[in-house]
Amino acid sequence: MRARRVVAAVTLAGALAGVLAGCGIEPTEVIEVGRPAQGAKRPGAPVKEARLYFGYPGGLQPVSRPAEQEVSAEEAVPLLLAGPNEAEKFRGLYSELPRVTGRVDVFTGQGTVTIQLPLDVTRLSAIARSQLVCTAAHNGVPGDLPAEEVKVVLTGGGKKLADQVCDNKYIAPVVVPSTPPPLP
């Protein structure tokens, strides 16, 4: 009788251990989803993305778009003028820049960018000017200056705004919750 109890107890313990160890979760195959994580960029390595600045409640929000090679200011400004893509709009990003229906020229020099627009640049809002200035300064500009030291000149409509710099006061802070949200 005692042997039966021992066998029953061992069998029950083995079955219970199997259930607890597996928790009913079956192994799965690797599921490919999106690009692999990139990690931190090496200092001094060219950045292979376009850095664009769009409006967001409270100021500007930087957006990175993947690229095949380093993006110059000449390439980034037209991307900005095309406006946010659908995913960026879904995140609440917008552009205060008017729709441009004419030629836009972007020229870079040592630590400088000149953007010629077919409109009166003095009529642009502070956010719209900052969108242009920060986008130009944060993409390939000769001279290896920090973005906040790149001088940008906006011209158009017979007007000129010289020595514009990317001012952090318009860049909206990224809010990270101090405590994680409760699990459902």
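Scroll up to find the structure this text is about.
Attention here is on the structure that accompanies the text. Every value quoted in this text rests on a predicted model; they were computed, and no experiment measured them. (Residues numbered from 1 in each chain as written. Predicted model: local features only at pLDDT ≥ 70, side-chain atom pairs only at ≥ 80, totals over all residues. Heavy atoms only, no water.)

1. Focus: the packing of helix 2 (residues 73-81) against helix 4 (residues 126-137)
Thought 1: Interhelical geometry of helix 2 versus helix 4 gives an angle of 145 degrees and a closest axis separation of 8 Å. The chirality of how helix 2 crosses helix 4 is right-handed. Within the contact between the two elements, helix 2 uses Ala 73, Ala 76, Val 77, Leu 80 and Leu 81 and helix 4 uses Gln 131, Leu 132, Thr 135 and Ala 136.
Thought 2: Per-class residue counts for the contact of helix 2 with helix 4 are seven nonpolar, two polar and no charged. (Axes fitted to C-alpha atoms, helices over the stretch in contact; angles between N-to-C directions. Helix = DSSP H or I, 4+ residues; strand = E, 2+ residues; numbered from the N terminus. Left-handed = near helix turned anticlockwise from the far one by under 90°. Contact = heavy atoms within 4.5 Å. Nonpolar A, V, L, I, M, F, W, Y, C, P; charged D, E, K, R; others polar.)

2. Here's the deal with the pattern of salt bridges
Pairing is possible between side chains that carry opposite charge, provided their charged atoms lie close to one another.
Thought 1: Applying the stated criterion across every chain yields a total of four salt bridges.
Thought 2: Put simply, Glu 88 and Arg 65 hold a salt bridge, and the shortest N to O gap is 2.7 Å. Residue Glu 88 is found in helix 3 (residues 86-90), and its partner Arg 65 is found in strand 2 (residues 59-66); the two are separated by 23 residues along the sequence. For the pair Glu 88 and Arg 65, a shared accessibility class is recorded, and that class is buried.
Thought 3: Measuring nitrogen to oxygen at the nearest pair gives 3.6 Å for the salt bridge that ties Lys 89 to Glu 86. One end of the pair is Lys 89 and the other is Glu 86, both in helix 3 and three residues apart, which spans about a single turn.
Thought 4: When its relative accessible area of 44% is taken as the criterion, Lys 89 is described as partly exposed. (Salt bridge = Lys/Arg side-chain N within 4 Å of Asp/Glu carboxyl O. Buried < 20%, exposed > 50% of the residue type's maximum accessible area, 1.4 Å probe, protein only.)

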